[in-house]
Amino acid sequence: MTAPLPKRIIKETERLQTEPVPGISAQPHDDNARYFDVMVQGPDGSCYEGGVFSLELFLPDDYPMTPPRIRFLTRIYHPNIDRLGRICLDVLKNNWSPALQIRTILLSIQALLGAPNPEDPLNEAVAKQWKENQGEAIKTAREWTKLYAQPKQ
Amino acid sequence: MGAKVPRNFRLLEELEKGEKGLGAEACSYGLDEGDDLLMTNWNGTILGPPHSVHENRIYSLKIHCGTDYPDKPPEVTFISKVNLPCVNQSTGKVDLSKLPSIAVWKRDFTMETILIELRRFMAAPANKKLPQPAEGTNF
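One structure accompanies this document, and this report is about it. (Residues numbered from 1 in each chain as written. Chains lettered and ligands numbered in written order. Predicted model: local features only at pLDDT ≥ 70, side-chain atom pairs only at ≥ 80, totals over all residues. Heavy atoms only, no water.)

Let's shift gears to the overall build of chain A. Helix and strand counts for chain A stand at four helices and four strands. The helix and strand sequence of chain A, counted from the amino end, reads α-β-β-β-β-α-α-α. The C-alpha radius of gyration of chain A comes to 16 Å, within 12% of the 15 Å expected for a compact globule of 153 residues. For the C-alpha atoms alone, the extent of chain A along its principal axes is close to 50 × 35 × 25 Å. (Helix = DSSP H or I, 4+ residues; strand = E, 2+ residues; numbered from the N terminus. Rg over C-alpha atoms; globule rule 2.2 N^0.38 Å.)

Structure (structure tokens):
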């Protein structure tokens, strides 16, 4: 059946549990140790503050030679995240290096929430709004955070 | 065996492949709603195979990928009317168990696999001359 889980993935998973990153959690599925439920809190001071965003992350066969696959499951108004939750982030593409890890990627995603970059857009409509009327865009991002990214409980 | 790709990442792969176009096989598919985070409802088209009654016809289908896809096959339904032994003649629903090569579902099969097999089924000697409903009619 499935090949045994590489040591590297086991170590990363353990460390995510024993030394969690503040504002981030990643929990592997019981039936697939390469598939994680991820939670990222919107950074303080950003228009995503107070939001709790769900993501899913998958480590392909050739990880860490190729980057993890990751996307948002929570709807989010952000110029670098498209309508299906796919993320435009250099370290997930050309700037990936096997020296990076799940935890560094999740930190980069949290940082991306704190610093939207409409000059390198994935979501053209949102990026346009961001450039033409930043105040309005930030307002929409805050509204969506309230609407879609509230902690469950 | 390799890592088991979860449903959503598998569907993203299929979406990206579908967006690039499949070219020669004359089938296409895409998401119904571009913001459907669950990627449940898809549409597909099949260009009728040459040297058959289906030649030059374009058939539309809907494809429903449930939460257990691709462990279980999707539900496939013709929107365009078509007369084929694997298609329910009142609803358009496809009985995948009647398509020889995919009757036993495998996790590796994709929406593309199904569309290509349906097209091949249309061109099969037993089916290529079946009388067809008027072109452009829907179930």
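Attention now goes to the sheet that holds strand S4 (residues 75-78) of chain B. Residue and element names in this part refer to chain B. Strand order in the open sheet made by the four strands is S1-S2-S3-S4, with antiparallel pairing throughout. Of all strands in the sheet, those bounded by a partner on one side alone are strand S1 (27-31) and S4. If you compare each strand with its neighbour and ignore which way they point, the axes differ by 25° on average. Packed on one face of the sheet, helix H1 (residues 7-20) meets S1 and strand S2 (41-47) and runs near 125° to S1. Of the strands in this sheet, S1, S2, strand S3 (58-64) and S4 are in contact with helix H2 (residues 111-123), which crosses S2 at around 30°. (Pairing = 2+ DSSP bridges. Axes fitted to C-alpha atoms, helices over the stretch in contact; angles between N-to-C directions. Contact = heavy atoms within 4.5 Å.)

In this section: the interface of chain B and chain A. Facing 18 residues of chain B, the contacting portion of chain A comprises 22 residues. Roughly 1,800 Å² of surface becomes buried between chain B and chain A when both sides are summed, with 59% attributable to carbon and sulfur atoms. There are three salt bridges connecting chain B and chain A. The salt bridge partner of Glu-16 of chain B is Arg-69 of chain A, with a shortest N-O separation of 4.0 Å. The interface formed by chain B and chain A contains six residue pairs in polar contact (both at pLDDT 80 or more). Looking at the side of chain B that touches chain A element by element, the count peaks at six residues for H1 of chain B. For the side of chain B that touches chain A, the per-class residue count stands at ten nonpolar, three polar and five charged. (Buried area = accessible area lost by both parts, 1.4 Å probe. Salt bridge = Lys/Arg side-chain N within 4 Å of Asp/Glu carboxyl O. Polar contact = N/O pair within 3.5 Å; in protein donor to acceptor, adjacent residues only side chain to side chain. Nonpolar A, V, L, I, M, F, W, Y, C, P; charged D, E, K, R; others polar.)

Here the structure, examined in full by the defined rule, presents 16 salt bridges over all chains. For Arg-69 of chain A, the salt bridge goes to Glu-13 of chain B, with nearest N and O atoms at 3.8 Å. With Arg-69 of chain A in strand S4 (residues 69-72) and Glu-13 of chain B in helix H1, this pair bridges two chains. Overall, the relative accessible area of 23% leaves Arg-69 of chain A in the partly exposed class. Take Glu-13 of chain B: its relative accessible area is 36%, and that puts it in the partly exposed class. With a closest N to O distance of 3.0 Å, Arg-10 of chain B and Glu-14 of chain B form a salt bridge. A residue pair is termed a helical-turn pair when its members lie 3 or 4 positions apart in one helix, as Arg-10 of chain B and Glu-14 of chain B do in helix H1 at four residues. When its relative accessible area of 8% is taken as the criterion, Arg-10 of chain B is described as buried. Through salt bridges with shared partners, one network takes in Arg-69, Asp-82 and Arg-86 of chain A together with Glu-13 and Glu-16 of chain B. (Buried < 20%, exposed > 50% of the residue type's maximum accessible area, 1.4 Å probe, protein only.)

All names here are of chain B. The full count for this structure, using the stated rule, is twelve aromatic pairs over all chains. Both rings, one in Tyr-59 and one in Phe-78, keep their centres 6.1 Å apart while their planes meet at 85°; by these two values the pair is edge-to-face. Taken as a pair, Tyr-59 in strand S3 and Phe-78 in strand S4 lie far apart in primary sequence, 19 residues in all. By relative accessible area, which is 1% here, Phe-78 ends up buried. (Phe/Tyr/Trp six-rings, centres within 6.5 Å; stacked < 30°, edge-to-face > 60°.)

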